[in-house]
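If you want the building blocks of each chain, they are given just below.
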Amino acid sequence: MGDFSKKVDAFLDAFINQNGYAKVLEGLQNTLLIAVLGLVIGILIGTVIAIVRVLPKYKVMPRILNGICSFYVGLFRGTPIVVQLLVFYYVMLPLLGIRMSSVNVAIIVFGLNSGAYISEIMRSGILSVDHGQMEAGRAVGLSYWTTMFKIVIPQAVKNILPTLGNEFIALIKETSVVSFVGATDLYIAFNMIGSNSYEFMVPYLVMALIYIVLVLLISLGIKIMERSLRKSDRRH
Amino acid sequence: MIDVINLQKSFGSNKVLNGIDIKIEKGDIMCVIGPSGSGKSTFLRCLNCMEDPTGGQIIFNGVDIADFKVDINIHRRRMGMVFQHFNLFNNKTVIQNIMLAPVTVGLQDLKKAKRTNVMIKLTNLFRSSRMKKDLVPITTNKAEIKATAKENAMALLNRIGLADKADVYPSTLSGGQKQRVAIVRALAMNPDVILFDEPTSALDPEMVGEVLDLMKQLAKEGMTMIIVTHEMGFAREVANRVLFIDGGQILESAPPAEFFGNPKNPRLKEFLSKVL
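Residues numbered from 1 in each chain as written. Chains lettered and ligands numbered in written order. Predicted model: local features only at pLDDT ≥ 70, side-chain atom pairs only at ≥ 80, totals over all residues. Heavy atoms only, no water.

Some details on the overall build of chain B
From N to C terminus, chain B includes 9 helices and 10 strands. For chain B, the C-alpha atoms occupy an extent of roughly 75 × 45 × 35 Å along the three principal directions. Relative to its 276 residues, chain B shows a buried fraction of 53%. Within chain B, residue pairs in contact and separated by at least 24 positions form 67% of the contacts whose partners lie at least 6 positions apart. Accessible surface computed for chain B: about 12800 Å², of which carbon and sulfur atoms make up 51%. (Helix = DSSP H or I, 4+ residues; strand = E, 2+ residues; numbered from the N terminus. Buried < 20%, exposed > 50% of the residue type's maximum accessible area, 1.4 Å probe, protein only. Contact = heavy atoms within 4.5 Å. Areas by Shrake-Rupley, 256 points an atom, 1.4 Å probe, with all protein chains shown as cover.)

Some words on the overall build of chain A
Looking only at helices and strands, one finds 9 helices and 0 strands in chain A. Of the regular secondary structure in chain A, the N- to C-terminal order runs α-α-α-α-α-α-α-α-α. The C-alpha atoms of chain A give a radius of gyration of 22 Å, which is well past the 18 Å a tight globule of 236 residues would have. For chain A, the C-alpha atoms occupy an extent of roughly 75 × 55 × 25 Å along the three principal directions. Going through the 236 residues of chain A one by one, you find that 44% of them count as buried. Treating the 20 positive side-chain charges of chain A as one cloud and the 13 negative ones as another, the clouds have centres 13 Å apart. (Rg over C-alpha atoms; globule rule 2.2 N^0.38 Å. Lys, Arg positive; Asp, Glu negative; His and termini not counted. Charge placed at Lys NZ, Arg CZ, Asp CG, Glu CD.)

Brief notes about the environment of K132 of chain B
All names here are of chain B. Along the chain, K132 falls in the loop between helix 3 (94-124) and helix 4 (142-159). On the accessibility criterion, K132 (42% relative accessible area) is partly exposed. For the pair K132 and A254, spaced 122 residues apart in sequence, the C-alpha separation works out to 56 Å. Setting aside anything within four residues of it in sequence, one finds K132 in contact with N124 and R127.

Overview of the environment of L156 of chain B
All names here are of chain B. When you line up the elements, L156 lands in helix 4. Residue L156 is classed as buried on the basis of its relative accessible area, which comes to 11%. Separated by 57 residues in the primary sequence, L156 and D213 place their C-alpha atoms 15 Å from one another. For L156, the residues in contact, after removing those within four places along its chain, are I98, V184, L187 and A188.

Describing the sheet that holds strand 6 (residues 79-82) of chain B
Residues and elements named next belong to chain B. Pairing is mixed across the open sheet formed by 6 strands, whose spatial order is 6-7-8-3-9-10. Across the chains shown, the open sheet's two edge strands, defined by having one partner strand only, are strand 6 and strand 10 (249-254). Going from strand to strand, the sheet's axes swing by 20 degrees on average, the running direction of each strand aside. Note: strand 9 (residues 241-246) against strand 10, 5 bridges, orientation antiparallel. Bridge assignment links F244 to a residue of strand 10, and that residue is E252. Across the sheet, helix 6 (residues 205-220) lies against strand 3 (29-33), strand 7 (193-197) and strand 8 (224-228), angled at about 145 degrees from strand 8, the strand it touches most. (Pairing = 2+ DSSP bridges. Axes fitted to C-alpha atoms, helices over the stretch in contact; angles between N-to-C directions.)

A few points about the confidence of the model for chain B
For chain B, per-residue confidence averages 90 on the pLDDT scale, and 100% of positions sit at 70 or higher. For this predicted complex, the interface score ipTM comes out at 0.87, while the overall pTM is 0.84. (pLDDT = per-residue confidence, 0-100.)

Quick look at the pairing of strand 9 of chain B
Residues and elements named next belong to chain B. Counted residue by residue, strand 9 has 6 buried out of 6 residues, so it is predominantly covered. Of the pairings in the sheet, the one linking strand 3 to strand 9 comprises 4 bridges and is parallel in character. Counterpart to M30 in the pairing with strand 9 is R241. Hairpin connection of strand 9 to strand 10: 2 residues between the antiparallel strands, including G247 at a positive phi of 60 degrees.

Regarding the side chain of Q179 of chain B
Residues and elements named next belong to chain B. Looking at where Q179 falls in the secondary structure, it is placed in helix 5 (residues 175-187). Only 2.8 Å separates the side chain of Q179 from the backbone oxygen of P199, close enough to count as a polar contact. Discounting chain neighbours no more than four positions away, the residues touching Q179 are V82, F83, Q84, F86, P199 and V211. (Polar contact = N/O pair within 3.5 Å; in protein donor to acceptor, adjacent residues only side chain to side chain.)

Some thoughts on the interface of chain A and chain B
Contacts between chain A and chain B engage 23 residues on the former and 26 residues on the latter. Regarding the contact of chain A and chain B, the summed buried area is about 2200 Å², with carbon and sulfur atoms giving 55% of it. Our count for the contact surface shared by chain A and chain B stands at 1 salt bridge. Its salt-bridge partner being E135 of chain A, residue R45 of chain B comes within 2.5 Å of it at the nearest N-O pair. Counting across the chain A and chain B interface gives 7 residue pairs in polar contact (both at pLDDT 80 or more). Those elements that place two or more of their residues in the side of chain A that touches chain B are helix 6 (131-139) and helix 7 (144-174) of chain A. Per-element accounting of the side of chain A that touches chain B gives the leading share, 7 residues, to helix 6 of chain A. Counted by class, the side of chain A that touches chain B contains 6 nonpolar, 9 polar and 8 charged residues. (Buried area = accessible area lost by both parts, 1.4 Å probe. Salt bridge = Lys/Arg side-chain N within 4 Å of Asp/Glu carboxyl O. Nonpolar A, V, L, I, M, F, W, Y, C, P; charged D, E, K, R; others polar.)

Written out as structure tokens, the structure reads:
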């Protein structure tokens, strides 16, 4: 046990006296930034794709859009996120001659990637809403889009909230690969603390704890949101 | 008011409507009956283009709404529809259900008028003083549209005795209450005609009465109604014309006394002998 407390001391020394906490805060900030902005971008892209994919397909335009969206989803679900990060950072950016910080790259790639997954989640959500809801909206003279955004999507979101929460949690954990393109996340921060103190046991333990606390907090937030959205289901 | 000319509808190779011709006048209460699979629901849903007709014309207030180029949303405002499964908006409270369409449509029109005015002002800059165009008068505003819609919705709820349910969600209502709310939701747009698609078929027997009573009230007030129904008693009492549809065609169209008392079509005779 004395051995362990020595390790804790070494960790605390690296964490407090050698500016480890600043690095951890930066990592935490990046992790959250990438996950949250990635989710926001993902929801936007996913919603657009989902709507395109449930569009009635009598005309040519929806069919072309549908083809594009299928290709997009296939592309981003068909390759690992690490590969997407590396290709985007080391292939696309130099080819296009754009300079961008690795955190921004991570936000974009995670957004594009989760957009592909969320589109399928959102599509199943839209399909889970009774077709009569759309018909009722159209019957009183609302347009397809008005009905979609005011009636169908809100109910779809309510239905998929637990799955969407899952996606967010997965996203938080997946961000641990952004170090591949040189962004500082929690892993890099604790790895640095470990290297400074020549002691990895406690830093990685604390890192695991931080991830768990993050995920628990998110689950709690989702539960609260779900409860407020479920208002319309409750009998009172 | 509605003039249906040679209406046809097929789903793929399956022909559901085989040339339907019917004239519906203002104030008509028309009941449509027929065996299941006869095309009566499809006929009703074609009237407001819920199903796009594959042939023929539907002249509503002088416009052929079966034409794809027509903005159907404008015309649907004048045609209410009540569904078998109510289809109240689950994410809206009762009063929001009733207010949604009037408010949305009102705001859309307001926005459109404002946009037109901007264009007129812009083009007026290049016109000589004699040629200047007048602005579209805007007499209302956002708050007023909402207030009017709310007032109207409360009045409608009072009428069906559900004013105390204004702020609850539809999931807490009984079937009969839901259907009555659905009917006043259609009424909130002041439609010229209301289409009823088997409005009592999904209800418990003891709730059928309250819905039929409300429909009778509407009929008395002179609302034009087209009702697909299995309620023969209601059809006999309220309708001024009853249609019998089978095989996608109108086989008999007569006032109820004649329709039920002296049916001519053999298929109708057979049908009535089974259901009456």
